[in-house]
Amino acid sequence: MFTLRDYASPNNLDEAYELLMKSKLNRILGGCHFLKAGSRAYNVGIDLNKLDLDYIKVSENDIRVGATTTYAELEHNEFFKTFCNGIVPKSIKKIVSTQLRNTAQIGASVFSKYAFSDFLPILVLLNAKVSLYKNGIMTVEEFLYSDIERDILIEIIIPNVDVDCIQIANRICCKDFPNAIVSVSNTDGKYRVVFGARPQKAMVMNDISDEITKNGFDRKKILSMLDEEIGSNHKAQKEYRKLLFVGLLQKALGELK
Ligand SMILES: Cc1cc2nc3c(=O)[nH]c(=O)nc-3n(C[C@H](O)[C@H](O)[C@H](O)COP(=O)(O)OP(=O)(O)OC[C@H]3O[C@@H](n4cnc5c(N)ncnc54)[C@H](O)[C@@H]3O)c2cc1C
């Protein structure tokens, strides 16, 4: 369990950011699930609950999800149930438990850049953006591969484009961290493939997307293209994971048609 020397609930983002920058040991508090998994002693815990960042706003151009919105709010939101084949609620409901999803926050989950994230591959697939207090707006993919470590995530912005897409994650057992995630979209025959839990961060697989778009799915060919991007960790060795990704991709493409 982590400890805090003090707690603050700023009235606006300027105050929150100023406080965050005052000490390397000051931390924004989300739902605290990941913070609780560690045992560090922090200085000030900064609660964003007075900043009105708990929202899902749908407009013609985009969908904006505020940082303190929980996974459960996304899961039960009427718009997301049908948007993009319901990819958001279908994927995040596999994360741990109702209790965790009731309080785990979007800002924390995206800002932490977890390689095992079930949510980040969807955001990359849908060309979503993050809005950060200091660093401004950028695509989730740019953010994932940036060296930004200290900032406040204000909201995520998802283009309101209803594409045909699917995500499949593999877990050794239910509620475990995933050891392979494949997300695929098909826009008028043009495929976009994103792999997550490689075990590195989510990434658009440009060559594989082009290959499938031009020549269709060929198991041997795709397997031969995978070597660089797939690695090993305690959840799965590289060779096994490569087979997993090809199998999941084949399944995802089959279900999309
Ligand atoms: C046991 C366990 C299993 C999990 N399994 C999965 C899984 O299978 N799939 C999956 O996708 N996820 C999984 N997660 C991650 C989970 O879904 C949440 O993403 C994670 O707990 C972070 O959310 P939180 O609100 O608890 O963040 P916290 O623990 O409160 O914060 C995490 C970090 O984010 C920072 N932070 C919080 N809010 C902001 C903000 N607005 N801007 C900038 N920084 C911020 C905090 O300072 C902290 O450093 C798991 C988590 C746990 C504890």
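Since the model is a prediction, treat every value here as computed from it, not as a measurement.

A.B. asks: Before we move on, could you go through the overall build of the protein and cite the residues and values that matter?
C.D. replies: For the protein, the helix and strand inventory stands at 12 helices and 12 strands. Here the protein has a C-alpha radius of gyration of 19 Å; the compact-globule value for 257 residues is 18 Å, and the two agree. Out of the 257 residues in the protein, the part that is buried amounts to 38%. In the protein, the proportion of contacts linking residues at least 24 apart, taken out of those at least 6 apart, comes to 59%.

A.B. asks: Quick rundown of the site of the ligand? Include the residues and the values.
C.D. replies: Lining the immediate environment of the ligand, one finds 29 residues, of which Gly 30, Gly 31, Gly 107, Ala 108 and Ser 109 sit closest. If you list the elements that add at least two residues to the shell around the ligand, you get strand E2 (27-29), helix H2 (33-37) and helix H7 (106-111). Considering only residue class, the shell around the ligand consists of 19 nonpolar, eight polar and two charged. Both domain 1 (3-47) and domain 2 (56-159) contribute no fewer than three residues apiece to the shell around the ligand.

A.B. asks: Describe in detail the environment of Ala 169, supporting the description with residues and values.
C.D. replies: Among the structural elements, Ala 169 can be located in strand E9 (residues 164-171). Non-local contacts of Ala 169, meaning those with residues more than four positions away in its chain, are made with Ser 91, Lys 94, Asp 118, Pro 178 and Ile 181.

A.B. asks: Give me the nonpolar core: which residues, what numbers.
C.D. replies: Ranked by internal contacts, the top residues of the largest apolar core, which has 68 residues, are Leu 123, Ile 156, Val 182, Val 193 and Phe 245. When residues no more than four places from it in sequence are discounted, the contact partners of Phe 245 are Ala 180, Val 182, Phe 195, Leu 226 and Ile 230.

A.B. asks: Quick rundown of the sheet that holds strand E8 (residues 153-159)? Include the residues and the values.
C.D. replies: The five strands lie next to each other as E4-E5-E8-E6-E7, forming an open sheet whose pairing is antiparallel. Of all strands in the sheet, those with a lone pairing partner are strand E4 (56-58) and strand E7 (136-139), marking the two edges. Across this sheet, the average inter-strand angle for adjacent strands is 20°, counted without regard to direction. In this structure, E4 lies alongside strand E5 (residues 62-66), joined through three bridges in antiparallel fashion. Across the sheet, Ile 56 pairs through a bridge with Val 65, a residue of E5.

A.B. asks: Mind laying out the sheet that holds strand E11 (residues 190-196), listing which residues take part and the relevant values?
C.D. replies: Across a sheet, paired strands are connected by hydrogen bonds in the backbone, their directions being either parallel or antiparallel. Pairing is antiparallel in the open sheet, where four strands are placed in the order E9-E10-E11-E12. Edge strands, defined here as strands with exactly one partner in the open sheet, are E9 and strand E12 (203-204). With eight bridges connecting them, E9 and strand E10 (residues 178-187) associate as antiparallel partners. Of the residues in E10, the one forming a bridge with Cys 165 is Ser 185. Contacting E11 and E12, helix H10 (residues 206-215) crosses the sheet at an angle of about 145° to E11. Against the sheet, helix H12 (residues 238-256) engages E9, E10 and E11, with an angle of about 35° to E10.

The rules behind the values
- Residues numbered from 1 in each chain as written.
- Predicted model: local features only at pLDDT ≥ 70, side-chain atom pairs only at ≥ 80, totals over all residues.
- Helix = DSSP H or I, 4+ residues; strand = E, 2+ residues; numbered from the N terminus.
- Rg over C-alpha atoms; globule rule 2.2 N^0.38 Å.
- Buried ≥ 20, exposed ≤ 12 C-beta atoms within 10 Å, placed from the backbone.
- Contact = placed C-beta atoms within 7 Å.
- Near = placed C-beta within 6 Å.
- Nonpolar A, V, L, I, M, F, W, Y, C, P; charged D, E, K, R; others polar.
- Domains from an automatic or database assignment.
- Core = buried A, V, L, I, M, F, W, Y, C linked by C-beta atoms within 7 Å.
- Pairing = 2+ DSSP bridges.
- Axes fitted to C-alpha atoms, helices over the stretch in contact; angles between N-to-C directions.

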